[in-house]
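Chain residues, written in single-letter form:
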Amino acid sequence: MHPRFVRLLAVGLTAALLIGPLAVTAAAGPSKGDVDKRMLSSIEVLQEILNIPEGGVPKTLLNKCTGLIIIPHMIKAGFIVGGNRGHGIILHRLPNGGWSDPCFCTITGGSIGFQIGGQATDLLLVVNNERGFQALMGNNFKLGGQASVAGGPVGRETSAATDATLKADIYSYSRSKGLFAGISLEGAGITVDDDANTAFYGKLLDGKVLVGRQSKPYPASAQPLLTVLQPYVRKK
């Protein structure tokens, strides 16, 4: 047997041994502890991004947005064929100006406009209008397909953050290695994570139900979300 083939076979077997247990774990679904940790990471990332002083997301955009998607620690990984994958939450602004229950989601994409290597990258997507949000909650949603997506403007008081110039359905931001900026996410897919929602709420709930309500009381581990987003609640 050719030595090069032997080496490739050894690498493949090693990868199978490493990936196999992870696949079994994924098939079993996340535990309540897993999703609580995911919730905590999402809250921390949202708070840190919203607290960026001068170069953060424009206040005008946050005050008028219809929804938010927070993806903490998205990673690029893969054997032979690489890809990007991350887990996070979706929030919807309700008719009363408040925020919905969190809905867990997954984002995947072979190429999302930037190279992150092994570096974890935090993502924030700001949904600019109801049309974009309803497209997001549809089946087989891809950014740039059913809803337009663009790298978001930065700067708390930027003149770009006006109804006259903010035309995209969704604005995207990334934070990696201390840098924060708008990025392109064309072609990345977002899906509701039913397994995570089931683990978090104790039963299977449709994602559209979750983003259309605010539980009383709000889920315990998600309570800090309401505090972080309180400045961006629309007063009726």
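See the structure printed just above.
Every value quoted in this text rests on a predicted model; they were computed, and no experiment measured them. (Residues numbered from 1 in each chain as written. Predicted model: local features only at pLDDT ≥ 70, side-chain atom pairs only at ≥ 80, totals over all residues. Heavy atoms only, no water.)

Trainee: Is there a simple way to think about the packing of aromatic side chains in this case?
Mentor: Describing an aromatic ring pair means giving the distance of the ring centres and the angle of the ring planes. Counted by the stated rule, this structure contains two aromatic pairs. Their ring planes at 85° and their centres at 4.9 Å tell us that Phe200 and Tyr201 sit as a pair that is edge-to-face. Tyr201 gets classed as buried once you look at its relative accessible area, which sits at 17%. Counting every residue linked through ring pairs, the aromatic cluster contains Phe104, Phe200 and Tyr201. (Phe/Tyr/Trp six-rings, centres within 6.5 Å; stacked < 30°, edge-to-face > 60°. Buried < 20%, exposed > 50% of the residue type's maximum accessible area, 1.4 Å probe, protein only.)

Trainee: Honestly, the pattern of salt bridges in this entry has me stumped. Any pointers?
Mentor: Close approach of charged atoms lets side chains of opposite charge pair. Scanning all chains against the criterion turns up six salt bridges. Among the ionic pairs, Lys32 bridges to Asp36, the shortest N-O distance being 2.9 Å. Here Asp36 and Lys32 lie together in helix α2 (residues 32-50), a separation of four residues that amounts to about one turn. Judged by relative accessible area, Lys32 falls into the partly exposed class, the value being 38%. For Asp36, a relative accessible area of 24% puts it in the partly exposed group. (Salt bridge = Lys/Arg side-chain N within 4 Å of Asp/Glu carboxyl O. Helix = DSSP H or I, 4+ residues; strand = E, 2+ residues; numbered from the N terminus.)

Trainee: Sorry if this is basic, but what is going on with the pairing of strand β3 (residues 103-109) here?
Mentor: The side chains of a regular strand alternate, residue by residue, between the two faces of the sheet. Within β3, six of the seven residues are buried, which leaves it mostly tucked inside the rest of the structure. Sheet analysis places β3 next to strand β8 (residues 189-192), joined by four bridges and oriented antiparallel. From the neighbouring strand, Ile107 faces β8, where its bridge partner is Ile190. (Pairing = 2+ DSSP bridges.)

Trainee: Could you clarify how one ought to interpret the nonpolar core in this entry?
Mentor: Generally speaking, a soluble globular protein has its nonpolar side chains buried in company with each other. One finds Ile90, Leu143 and Ile190 to be the most contacted residues of the largest nonpolar core, which totals 60 residues. The element that contributes the greatest number of residues to this core is α2, accounting for seven residues. Not counting the four nearest positions on each side in its chain, Leu143 is found in contact with Ile107, Leu125, Val149, Ile170, Leu185, Glu186, Gly187, Ala188 and Ile190. (Core = buried A, V, L, I, M, F, W, Y, C linked by side-chain atoms within 4.5 Å. Contact = heavy atoms within 4.5 Å.)

Trainee: Before we go on, may I ask you to explain the side chain of Thr66 in this structure?
Mentor: Among the structural elements, Thr66 can be located in the loop between α3 (59-64) and β1 (67-77). Residue Thr66 is classed as buried on the basis of its relative accessible area, which comes to 9%. Leaving out residues up to four positions away in the same chain, Thr66 has contacts with Leu91, His92, Arg93, Val127, Asn128, Asn129, Glu130 and Phe133.

Trainee: Would you take a moment to explain the packing of α2 against helix α5 (residues 194-201) for this structure?
Mentor: It is the contact of α2 with α5, at a shortest axis distance of 8 Å, that shows an interaxial angle of 100°. Accordingly, the angle class assigned to the pair α2 and α5 is roughly perpendicular. Counting all contacts with α2, which are made through Lys32, Val35, Asp36, Arg38 and Met39, the residues of α5 involved are Ala196, Ala199 and Phe200. Within the contact of α2 with α5, the residues separate by chemical class into five nonpolar, no polar and three charged. (Axes fitted to C-alpha atoms, helices over the stretch in contact; angles between N-to-C directions. Parallel < 35°, antiparallel > 145°, perpendicular 65-115°, else oblique. Nonpolar A, V, L, I, M, F, W, Y, C, P; charged D, E, K, R; others polar.)

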